[in-house]
Amino acid sequence: MIGVDLGILIIGVACLGSAYRILRGPTQADRAVAGDLLLFGFVGLIALFGVRMANEYTFDIVLVAALVGFLSALSLARALTRGKR
């Protein structure tokens, strides 16, 4: 469990860094990338907490959150490029 706790700590620090980038990002693209990192950081934290607590429903939550995060990343990219392909 030491590895899981270490992983929670590292991902937590990465989430703090991405939250700072969301607040201070110079461009909208920087904020979008930091938002993706923050979302997937939270997904990683949910997965690690599920491993830590030995919860059997964690995989379902992580799967749905990752799919929603992927679709939101696509829509943000489309919005930033103003619909150009």
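Refer to the structure presented above.
Given the structure is predicted, the values throughout are model-derived calculations rather than measurements.

## What about the pattern of salt bridges?
- One pass over the structure, following the stated rule, counts 1 salt bridge.
- For R52, the salt bridge is made with D5, and the minimal N-O distance between the two is 3.0 Å. Of this pair, R52 sits in helix 2 (residues 28-53) while D5 sits in helix 1 (residues 2-24), and the two are 47 residues apart along the sequence.
- Relative accessible area serves as the criterion here: at 36%, R52 is assigned to the partly exposed category.

## Regarding helix 2
- In this model, helix 2 (26 residues) spans 37 Å end to end at C-alpha, consistent with the 38 Å of a helix rising 1.5 Å per residue.
- What helix 2 keeps buried is the set A32, A34, L38, G41, V43, L45, L48 and G50.
- As for helix 2, its buried residues are in contact with helix 1 and helix 3 (58-80).
- Downstream of helix 2 by one or two residues, A54 has phi in the positive range, about 55°.

What counts, and where the lines are drawn
- Residues numbered from 1 in each chain as written.
- Predicted model: local features only at pLDDT ≥ 70, side-chain atom pairs only at ≥ 80, totals over all residues.
- Heavy atoms only, no water.
- Salt bridge = Lys/Arg side-chain N within 4 Å of Asp/Glu carboxyl O.
- Helix = DSSP H or I, 4+ residues; strand = E, 2+ residues; numbered from the N terminus.
- Buried < 20%, exposed > 50% of the residue type's maximum accessible area, 1.4 Å probe, protein only.
- Expected span 1.5 Å × (residues − 1).
- Contact = heavy atoms within 4.5 Å.

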